[in-house]
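Remarks on the overall topology
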Amino acid sequence: MPARWRFTHGAYYYQIPPGQEPAWDGKRTFRLGSKLPEAYKVWAERIGVIENASTIGALLDRYMLEVVPRKGVTTQAHNKVAIRPLRAVFADTALLDLKPRHVYQYIEKRAAKISARREIEVLSHAFTKVVEWGYIDRHPFKGEVRFEGEKARTRYVEDWEVIECLALTSKRKTGSVLAVQAYIRLKLLTGMRRGDLLRLTQPDLKEDGIHVTPHKTLNSTGKRLIIGWSEEVREAVEMAIAARPVKISPYVFCNRSGKCYFNEETGRAGGWDSMWSGFSTRVLEETKVQQKFTEHDLRAKCASDASSLEHARALLAHADSRLTDRVYRRKPEFVAPLR
């Protein structure tokens, strides 16, 4: 939370700096609201946009007010967690005083190295915004800080493993196993992200194909995709609809109440995750598959099996093919032996 905030008795309060009481109805402690978004709104209306963001603390305050609320629910939560330790270290540091060595020192002193790198990513984006806002002329450490990159995941799901998963018998006529199997089919054919697949509705199924606006870029590029029909795609969609536990629902994948598995308020899909976990357990116990794979690995298989890097990039809706190649193209290359 911003400096001088506290949460008590079910609400957020702002401790007024000495001498500023008249701007806050003469109070020393001002109640902002019971919910965090409401509190930020009231606070922003009272203090206005921070005009003199001379410290990193002030920068992070504005970043929390203007940038974070426009991100996805899960990303918002991660950003708020990341900003807390950043504020603890850099709050009083002047914007122009931050040097690359300070970033290296921050990483070195943090016990949780991976978390520290994620925090620096947030700080870097905040400085990108502060340049955009005109407070400084250049980013103080972009392109000047190098970390040993985390190794990209290399798990490649073999075709025979997919066949084993799809051959797993279902104990029921709907839901559970059949839904996950339809999901696997559709994911391998389209490369869609989990959130986009779980949000898929029947109105998205149009004559020329499946119309998708990737949720990850909804508030940035807003780019829309049309995944053309093929016999296999139609069969996968029909299988998913037939596997639903209820017949009347706008969602291609739905829970027993006919609602979307994805909770927009929490950014989670707990019911689906539980079902996927149960399916994975049965696969390891009842088939020849010995190594667990994730939904992300299936998305990577889709990219790996695509005919070209550009085709893979388009399927995964990536703006830059370098990400597709580095993280998602995992299929081992065949090298002919010398004769």
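The structure contained in this document is the topic of the report that follows.

1. Describing the overall build of the protein
Within the protein, the regular secondary structure consists of 13 helices and 6 strands. Across the 339 residues that make up the protein, the buried fraction comes to 42%. A total of about 19,800 Å² of accessible surface is found on the protein, and carbon and sulfur atoms cover 51% of it.

2. Thoughts on the environment of His139
Looking at the secondary structure, you find His139 in the loop between α5 (113-132) and α6 (159-166). The exposure class of His139 is buried, given its relative accessible area of 10%. The spatial distance from the C-alpha of His139 to the C-alpha of Phe127 is 6.0 Å, given a sequence separation of 12 residues. Aside from chain neighbours lying at most four places away, what touches His139 is Ser124, Phe127, Thr128 and Val131. Within the structure, His139 has its side chain in polar contact with the backbone oxygen of Ser124 (distance 2.9 Å).

3. Concerning the packing of helix α2 (residues 56-66) against α5
Where α2 meets α5, the closest approach of the two axes is 10 Å, and the angle between their N-to-C directions is 90 degrees. In terms of their interaxial angle, α2 and α5 are classed as roughly perpendicular. Every residue of α5 that contacts α2 at Ile56, Leu59, Leu60 and Tyr63 is listed here: Val122, Leu123, His125, Ala126, Phe127, Lys129 and Val130. Split into classes, the residues belonging to the contact of α2 with α5 amount to 9 nonpolar, 1 polar and 1 charged.

4. What to know about the packing of aromatic side chains
Per the counting criterion, the structure on display carries 12 aromatic pairs. Between the aromatic rings of Phe253 and Trp272, the centroid separation amounts to 5.9 Å while the plane-to-plane angle is 70 degrees, which identifies the pairing as edge-to-face. Of this pair, Phe253 sits in the loop between α9 (231-242) and α10 (270-286) while Trp272 sits in helix α10, placing them 19 residues apart in sequence. Take Phe253: its relative accessible area is 2%, and that puts it in the buried class. Through a chain of ring-to-ring contacts, three or more aromatic side chains come together here, namely Tyr183, Phe253, Tyr261, Trp272, Trp276, Phe279 and Phe293. The positively charged end of Arg62 is found above the aromatic ring belonging to Trp133, 4.0 Å away from the centroid.

5. Quick look at the sheet that holds strand β1 (residues 5-8)
Strand order in the open sheet made by the 3 strands is β1-β2-β3, with antiparallel pairing throughout. On the outer flanks of this sheet lie β1 and β3 (29-33), each paired with one strand and no other. Taken pair by pair, the neighbouring strands of this sheet meet at an average axis angle of 35 degrees, ignoring direction. Of the pairings in the sheet, the one linking strand β2 (residues 11-15) to β3 comprises 4 bridges and is antiparallel in character. The residue bridging Tyr12 from the neighbouring strand is Gly33, located in β3.

6. Concerning a negative patch on the surface
A cluster of acidic side chains, namely Glu231, Glu232, Glu235 and Glu238, defines a negative patch on the protein surface. Here Glu235 lies in helix α9. Among the residues examined, Glu235 registers a relative accessible area of 44% and is labelled partly exposed.

7. Topic: the pattern of salt bridges
Enumeration over the complete set of coordinates arrives at 13 salt bridges. Note that Arg153 is salt-bridged to Asp297, the shortest N-O span being 2.7 Å. Taken together, the residues span a long stretch of sequence, with Arg153 in the loop between α5 and α6 and Asp297 in helix α11 (residues 295-305) at a distance of 144 residues. By relative accessible area, which is 0% here, Asp297 ends up buried. Salt bridges here are not isolated pairs; linked through shared partners, they connect Asp159, Lys301 and Asp305.

8. Observations concerning the sheet that holds strand β6 (residues 225-227)
Pairing is antiparallel in the open sheet, where 3 strands are placed in the order β4-β5-β6. With one partner strand each, in any of the chains shown, β4 (205-206) and β6 form the two edges of the open sheet.

9. A few points about unusual backbone geometry
The phi angle at His9 is positive, at roughly 55 degrees, despite the residue not being glycine. Looking at the secondary structure, you find His9 in the loop between β1 and β2. Among the residues examined, His9 registers a relative accessible area of 76% and is labelled exposed.

10. A word on the environment of Glu121
Turning to its location among the elements, Glu121 is positioned in helix α5. Exposure remark for Glu121: the relative accessible area of 47% places this residue in the partly exposed category.

The rules behind the values
Residues numbered from 1 in each chain as written. Predicted model: local features only at pLDDT ≥ 70, side-chain atom pairs only at ≥ 80, totals over all residues. Heavy atoms only, no water. Helix = DSSP H or I, 4+ residues; strand = E, 2+ residues; numbered from the N terminus. Buried < 20%, exposed > 50% of the residue type's maximum accessible area, 1.4 Å probe, protein only. Areas by Shrake-Rupley, 256 points an atom, 1.4 Å probe, with all protein chains shown as cover. Contact = heavy atoms within 4.5 Å. Polar contact = N/O pair within 3.5 Å; in protein donor to acceptor, adjacent residues only side chain to side chain. Axes fitted to C-alpha atoms, helices over the stretch in contact; angles between N-to-C directions. Parallel < 35°, antiparallel > 145°, perpendicular 65-115°, else oblique. Nonpolar A, V, L, I, M, F, W, Y, C, P; charged D, E, K, R; others polar. Phe/Tyr/Trp six-rings, centres within 6.5 Å; stacked < 30°, edge-to-face > 60°. Lys NZ or Arg CZ within 6 Å of the ring centre and 35° of its normal. Pairing = 2+ DSSP bridges. Patch = residues over 30% accessible without salt bridge, like charges linked within 9 Å, V, L, I, M, F, W, Y side chains within 5 Å. Salt bridge = Lys/Arg side-chain N within 4 Å of Asp/Glu carboxyl O. Lys, Arg positive; Asp, Glu negative; His and termini not counted. Charge placed at Lys NZ, Arg CZ, Asp CG, Glu CD.

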